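Spelled out, the chains give:
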Amino acid sequence: MLEINNADFERLVKFIKVKYGLNLYDKKYLVESRLTNYILDCGFDNFTEFLESVYADRSGIEMSNVISRLTTNYTYFMRESEHFKHFTDVFLPEATRSKVVRELRIWSAGCSYGNEPYNLAMCMDNYFGPRHAAWDSKILATDISFNALRMAKQGVFTEQSLQELPALWRNKYFIRNDNGTYRVTDELRNNVVFKYHNLMDEIGFKKKFDLIVCRNVMIYFDDQTKFDLIERFYDATVDGGYLYIGHAENAPKGIRYKTVQPAIYRKPK
Ligand SMILES: C[S@@+](CC[C@H](N)C(=O)[O-])C[C@H]1O[C@@H](n2cnc3c(N)ncnc32)[C@H](O)[C@@H]1O
């Protein structure tokens, strides 16, 4: 395994913390073990020269590749199904009753391979049925991993990864490829817009969101970083809008959202 010297390690973790919010200060072994093969595959034999090439890459793609190896993109359909239940049983009926303009803006922040936004799109389509055409509904799905975004846009999933979805949805929202994988239908895909967005940056999207879903993303963030992000989410949420976070993530004290139930928060009307 290649060793990273203290100066290179300090510089790398500081850069990642400031730019992406991820706290890897006590993860020296992880950095060495997860990056060694990648560094060798890239044709380098030490951390110093490899990292210089990463910092020099203005596109950010090289750093995105490094971060993907140091963190997790793990995701699956129907993950934390309480959120999909709340979405279908509470959020959508409320929106249907109260919205004068039939417009819905939903943001899957840290969407990884797209399971989460596609899952929301399925719930929405299933809830509205033919009424869906009368709604202007869009799901924005963002991440910092270029690789995850590329795969999310393709929308191709293994048969096994669809197991948690109801059989009806598997048939309705996926098409079987010749190689046995499944591709989301164009209709479903058209509900989701995938974009690169770093959650440490200002939220510059034009419209506010009725619902922000940011689950299992803040696991590497420290309390201050989480607090600041949730404050930015709050300002980007419509009055009466919701925030879903992962059940294993504690919301820091002092946030302005009100707790509705575990891992579900609401901005007062
Ligand atoms: C574990 S996955 C969670 C996926 C999905 N939300 C879920 O709960 O299944 C975490 C995702 O957050 C993304 N992520 C981490 N830091 C980020 C940041 N600063 N800005 C945007 N996305 C980030 C990672 O690239 C990864 O795809």
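That block above? That's the structure.
The structure displayed is predicted, hence computed values, not measured ones.

Novice: I'd like a rundown of the sheet that holds strand β4 (residues 174–176), residues and numbers included.
Specialist: One key point about sheets: their strands pair by backbone hydrogen bonds, in either a parallel or an antiparallel sense. One open sheet accounts for three strands, arranged β3-β5-β4; its pairing is antiparallel. Every other strand in the sheet has two partners, leaving β3 (156–157) and β4 as the edge strands with one partner each. With three bridges connecting them, β4 and strand β5 (residues 182–184) associate as antiparallel partners. Among the inter-strand pairings, R176 is bridged to a residue of β5, identified as Y182.

Novice: Outline the site of the ligand, supporting the account with residue identities and numerical values.
Specialist: In the region of the ligand, 24 residues are neighbours, and T75, G110, S112, L199 and R215 sit closest. Partitioning the shell around the ligand into residue classes produces nine nonpolar, 11 polar and four charged. When residues of the shell around the ligand are assigned to domains, at least three map to each of domain 1 (6–70) and domain 2 (81–266).

Novice: Please provide a residue-by-residue account of unusual backbone geometry, values included.
Specialist: The backbone of S112 shows a phi angle near 50°, a positive value even though the residue is not glycine. One can find S112 in the loop between β1 (103–109) and α6 (115–128). Overall, S112 belongs to the buried group, with 25 C-beta atoms counted inside 10 Å. Within the chain, N216 stands out as a residue other than glycine whose phi angle is a positive 60°. Relative to the helices and strands, N216 is located in the loop between β7 (209–214) and α10 (223–235).

Novice: I'd like to hear about helix α1 (residues 6–20), residue by residue, with values.
Specialist: Over its 15 residues, α1 extends 21 Å from the first C-alpha to the last, a length consistent with the 21 Å expected when each residue adds 1.5 Å. Among the residues making up α1, those that are buried are L12, V13, I16 and Y20. An end-on view of α1 places all buried positions within 90° of arc, on one side of the element. Opposite the packed face of α1, turned more than 90 degrees from it, sit the exposed residues N6, A7, E10, K14 and V18. Elements that come into contact with the buried residues of α1 comprise α2 (28–41), α3 (47–56) and α4 (61–70).

What counts and how
- Residues numbered from 1 in each chain as written.
- Predicted model: local features only at pLDDT ≥ 70, side-chain atom pairs only at ≥ 80, totals over all residues.
- Pairing = 2+ DSSP bridges.
- Helix = DSSP H or I, 4+ residues; strand = E, 2+ residues; numbered from the N terminus.
- Near = placed C-beta within 6 Å.
- Nonpolar A, V, L, I, M, F, W, Y, C, P; charged D, E, K, R; others polar.
- Domains from an automatic or database assignment.
- Buried ≥ 20, exposed ≤ 12 C-beta atoms within 10 Å, placed from the backbone.
- Expected span 1.5 Å × (residues − 1).
- Arc of directions from axis to C-beta.
- Contact = placed C-beta atoms within 7 Å.

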